[in-house]
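If you want the building blocks of each chain, they are given just below.
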Amino acid sequence: REVGSRLEQHPALSADPSTALREVCIAVDSSLEGESYAIISGTTAVVCLCRKNAANDVVTLYVANVGDSRCVLGTRPNGNPLIKAEELTEDQKPDLPAERARIVASGGDVNSDSGQPRVFTGDGRGGLAMARSIGDHFLAPYGVTAEPEVSVRQLNLDCDLFLCIASDGVWDALDSQAAMDIVSTAERGPTQGCMRLVEAAKMRWKEMSYRGETRDDITAICACIPRLFEKPATLPIIDALRLDLCEYGVRLIELFQMWDEDGDGTISRKEFRQAMPALGLKVPKPEIDKLFDTFDSDCSGSITIDELREHLL
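These notes cover the structure that comes with them. Starting afresh in each chain, residues are numbered from 1 along the sequence in its written order. Local features in a predicted model are, by the rule used here, given only for residues with pLDDT of at least 70; side-chain atom pairs are given and counted only at 80 or more, and totals for whole chains, interfaces and linings are based on all residues. Excluded from the side-chain calculations are hydrogens and water; all other atoms, namely the structure's heavy atoms, are used.

1. Structural notes on the sheet that holds strand S8 (residues 126-128)
Working step 1: In short, DSSP must find at least two bridges between two strands for them to pair. Working definition: helices are DSSP H or I runs of at least four residues, strands are E runs of at least two. Numbering for both runs from the N terminus. Spatially, three strands are ordered S6-S7-S8 in an open sheet, and the strand pairing comes out antiparallel. Only two strands of the sheet have a single partner each, and these edge strands are strand S6 (109-111) and S8. In this sheet, neighbouring strand axes are inclined to one another by 30 degrees on average, regardless of whether the strands run parallel or antiparallel.
Working step 2: Note: strand S7 (residues 118-120) against S8, two bridges, orientation antiparallel. For Phe 120, the partnering residue across the bridge sits in S8 and is Gly 126. Where helices are involved, their axes are fitted lines through C-alpha atoms of the stretch in contact, as for all axes, and angles between N-to-C directions lie from 0 to 180°.

Next up, the structure:
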């Protein structure tokens, strides 16, 4: 949220998106200075900005990457029926030559005694498994940086179809093509594909780890690129919402527990507002509230699974 908010306000966003992305990531990291949790904890970040030039309809994708999460494009070149995975970022592991050189030049150390390359201070403290991070400030003097690598790619909406952004808990379990195969073949679109991807990564971790008890963070976001640029529905928004939700009714039920963030068995108004963008629905908050009130048949202030089923299935 902080990255998105700062990016919207950055003065260079329109003229130089790459610079805006780079400076925002660094600024967010700097804003954490003095926070105790940011000394020994940190996060990866992949930020995608997709823009369509109104003058010529050219679509450009900007991707900023900090750490070892990954952004993968699903493309179908030359009319090929198969979706090909194209990696738009490089996992910033400490043993990459450029990353290692920066860390060593700063007095840090990279070794793989634990089975994977990690960053340590000169006296052996640390053990970070990525070379760039927002946070992890105790390793900043030793070459760990929040400056992202920014890549730029022009998109063709006829063949560049899917984006999949995920943390290393996915990529340590599945390669990019396997992940894109899951996302691109989901019958009900990328949200269903995203859920299947997370489940596939969880199952793979169970197979790989001792007693199935160990796994890394598994987080993913998937999108259908052409849909990002669809024109708004000509129907009244409340009717368009109903049609979209009915179309995706099964996965809405599947997502119920995910949306129920506080785990109380119901979806609150706040949770419902946060959930709607997952269906690709860009509508004003008052219209979402109208739909919530429709689903909240008993006017309890929350939606149960039975109330959703009543209206959607």
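Resuming the write-up.
2. Topic: the side chain of Ser 302
Working step 1: Looking at where Ser 302 falls in the secondary structure, it is placed in strand S14 (residues 302-303).
Working step 2: In this analysis, two residues are considered to be in contact whenever any of their non-hydrogen atoms come within 4.5 Å of each other. Excluding its chain neighbours within four sequence positions, the residues that come into contact with Ser 302 are Thr 266, Ile 267, Phe 292, Asp 296 and Glu 307.

3. Side note on the packing of aromatic side chains
Ring pairs (aromatic) are described by centroid distance and by the angle formed between their planes.
Working step 1: Two rings from Phe, Tyr or Trp (for Trp, the six-membered ring) form a pair when their centres sit within 6.5 Å of each other. Planes less than 30 degrees apart are called stacked, planes more than 60 degrees apart edge-to-face, and all others tilted. This structure, assessed with the given rule, holds two aromatic pairs.
Working step 2: When the ring of Phe 272 is compared with that of Phe 295, the centres are 6.0 Å apart and the planes differ by 85 degrees; the resulting orientation is edge-to-face. A residue pair is termed long-range when its members are at least 10 positions apart, and Phe 272 in helix H11 (residues 269-275) and Phe 295 in helix H12 (residues 285-295) qualify at 23 residues.
Working step 3: Exposure classes here rest on a 1.4 Å probe applied to the protein chains alone. A residue is buried below 20% of its type maximum, exposed above 50%, and partly exposed in between. You can call Phe 295 buried: its relative accessible area is 2%.

4. Notes on the sheet that holds strand S4 (residues 70-75)
Working step 1: Reading across from one edge, S5-S4-S11-S12 is the order of the four strands in this open sheet, with antiparallel pairing throughout. The sheet terminates laterally at strand S5 (84-87) and strand S12 (220-224), the two strands that pair on one side only. Each strand axis lies, on average, 20 degrees off the axis of its neighbour in the sheet, ignoring direction.
Working step 2: In terms of strand pairing, strand S11 (residues 160-166) meets S12 through five bridges, oriented antiparallel.

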